[in-house]
Amino acid sequence: MHTHDHDELEEPLVPARARTRRTRMTEMHRRLVRETSLDASNVILPLFAAEGDPKFRKPIASMPGVEQLGLIGILKQCEAALEARLGGVILFGIPEHKDEVGSEAYNDEGIIQTSVREIKKRFPELLVATDVCLCEYTDHGHCGVVERTANGRIEIVNDKTVELLVREAVSHAEAGSDLIAPSDMMDGRIGAIREVLDVSGFTSLPIMSYSAKYASGLYGPFRDAAGSTPTFGDRRSHQMDVANAEEAMRVVQRDIEEGADIVMVKPAISSLDIIRRIREQFTMPTAAYQVSGEYSMIMAAGANGWIDEDRVIMECLTSIKRAGASIILTYFALRAAELLAKR
Ligand code: PBG
Ligand code: ZN
């Protein structure tokens, strides 16, 4: 059929028709076929709000560029988040006083409650999410009430913890939180929080559940930042075993049935398979948290000149989105927004 000047018997090494490089040759073509794009509006910035001196600032050694901030710093970050048109911020509290049952977590004058009120007064159009857990407020650093149970074992007891989490969530709601984000991994907390929010007049306030939260070594730097490293034991009695995927599907289904509006997976980069499966099976808004250790790894390698920080940041965030995340929580939020704006 075709006429060739040269030896007709010689087969080409690569079939000429199905070449994939044609649409990669120039940025014009790459743009045209690009499937995934990031948008600042789907990105949430985590902030560490410290109680006390409004001018307080304390850099977190293991997270270069991230600080514990007093109210002034928090408000500055919120202003920047609004200017960058981020999806919002999520607040973690660092209280002045901790105790066995994390009382400051559900104190209406606590660090989160007062911060939310101050932020919403100034920036009503900024979405402010609040993390609901006890580990930042307990002196032992555990996510719940610790007791010796009938079998003689020290346990984080589920139902007593859920009662306190409900109080914490309602107190965040009353302060003006726009999104309640329980990160504790107790059983039944989404349903319990939903029920009490509803009877308290917050029927329209959504819940973003940390649903598939793995027991991960990548939370280490966060615990430096929040001062929430457990004084004994670990979090494996409530956070999920990294080896399990089917269980992730079960907990997500349960959280949706209990009333979760957004489901979250974390860490992000080591759970891309889980993100994809959840997105496909449940078609819910699916958030992924690029956690502290993911941040620190990129920053450490970048500081050593081993990787190009900006490039790896965008690569990871794009991959998380491509896996199926519709929302990303990341300490790189402002930086990513800046990089996006420059494109
Ligand atoms: C609190 C909480 C943690 C994170 C979010 N909420 C820490 C933990 O479970 O120990 C981790 C976030 C990060 O590492 O950036 N339960
Ligand atoms: Zn916790």
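Quick summary incoming for the structure in this document. Quick caveat, the model's predicted, so the values are computed rather than measured. (Residues numbered from 1 in each chain as written. Chains lettered and ligands numbered in written order. Predicted model: local features only at pLDDT ≥ 70, side-chain atom pairs only at ≥ 80, totals over all residues. Heavy atoms only, no water.)

Moving on: the site of ligand 1. Neighbouring ligand 1 are 19 residues, the closest being K213, R223, K266, S292 and Y331. Measuring from an oxygen atom of ligand 1, one finds a side-chain N or O atom of S292 at 2.7 Å. One of the side-chain N or O atoms of Y331 is found 2.5 Å from an oxygen atom in ligand 1. For the shell around ligand 1, the secondary-structure elements that each account for two or more residues are β9 (208–213) and α6 (220–226). Residue composition of the shell around ligand 1, grouped by class: ten nonpolar, three polar and six charged. (Near = heavy atom within 4 Å. Polar contact = N/O pair within 3.5 Å; in protein donor to acceptor, adjacent residues only side chain to side chain. Helix = DSSP H or I, 4+ residues; strand = E, 2+ residues; numbered from the N terminus. Nonpolar A, V, L, I, M, F, W, Y, C, P; charged D, E, K, R; others polar.)

Every protein donor of the zinc ion (ligand 2) is accounted for by C133 (SG), C135 (SG) and C143 (SG), and the metal-donor separations fall at 2.3 Å. Taken together, the four donor atoms surrounding the zinc ion (ligand 2) define angles of 93 to 129 degrees at the centre, an arrangement classified as tetrahedral. Note on C143: relative accessible area 1%, which makes it buried. (Donors = N, O, S within 2.8 Å, 3.2 Å for Na, K, Ca; no water. Tetrahedral: all angles 85-135°; square planar, octahedral: opposite > 155°, others 65-115°. Buried < 20%, exposed > 50% of the residue type's maximum accessible area, 1.4 Å probe, protein only.)

Right, let's talk about the pattern of salt bridges for a bit. For the structure shown, the criterion picks out 21 salt bridges. R117 is the partner of E109 in a salt bridge, and the nearest nitrogen-oxygen pair spans 3.3 Å. The exposure class assigned to E109 is exposed, which follows from its relative accessible area of 52%. Among the salt bridges present, the one from R254 reaches D187, with a minimum N-O distance of 2.6 Å. Residue R254 is found in helix α7 (residues 246–258), and its partner D187 is found in the loop between β8 (179–182) and α5 (189–199); the two are separated by 67 residues along the sequence. Ionic contacts of the salt-bridge type, sharing partners, join the residues D184, D187, R189, R254, D255 and E258 into one network. (Salt bridge = Lys/Arg side-chain N within 4 Å of Asp/Glu carboxyl O.)

Time to look at the packing of aromatic side chains. Applying the stated criterion across every chain yields a total of eight aromatic pairs. Seen from their ring centres, Y295 and Y331 are 5.9 Å apart, and the 65 degrees between their planes marks the pair as edge-to-face. Within this pair, whereas Y295 is found in helix α9 (residues 292–303), its partner Y331 is found in the loop between β12 (327–330) and α11 (333–342), the two being separated by 36 residues in sequence. Here a set of aromatic residues connected by ring pairs shows up, and it is made of F48, F92, Y210, F222, Y289, Y295, Y331 and F332. Positioned above the aromatic ring of Y219 is the side chain of K213, whose terminal nitrogen or guanidinium carbon lies 5.7 Å from the ring centre. Above the plane of the ring of Y219 lies K266, whose end atom (NZ or CZ) is 4.4 Å from the centre. (Phe/Tyr/Trp six-rings, centres within 6.5 Å; stacked < 30°, edge-to-face > 60°. Lys NZ or Arg CZ within 6 Å of the ring centre and 35° of its normal.)

Moving on: the nonpolar core. If you look at soluble globular proteins, the nonpolar side chains tend to sit buried side by side. Within the largest apolar cluster, 108 residues are counted, with the highest numbers of intra-cluster contacts made by F48, V89, I90, I119, M208 and I278. Among the elements that take part in this core, helix α4 (residues 158–175) stands out by supplying eight residues, more than any other. With near-sequence residues (within four places) excluded, F48 lies in contact with I60, V66, E67, Q68, L69, I74, F92, I94, F222, A225, A226 and Y331. (Core = buried A, V, L, I, M, F, W, Y, C linked by side-chain atoms within 4.5 Å. Contact = heavy atoms within 4.5 Å.)

So, about α11. Along α11, the residues classified as buried are A333, L334, A336, A337 and L339. In the core, the buried residues of α11 are packed alongside β1 (43–50), α2 (71–83), α10 (309–323) and β12.

This part takes up the environment of E136. On the secondary structure map, E136 appears in the loop between β5 (128–132) and β6 (145–148). For the pair E136 and E155, spaced 19 residues apart in sequence, the C-alpha to C-alpha distance is 18 Å. Those residues within four positions of E136 in sequence are excluded, and the remaining contacts are F92, G93, P95, K98, D131, F222, A226 and S228.

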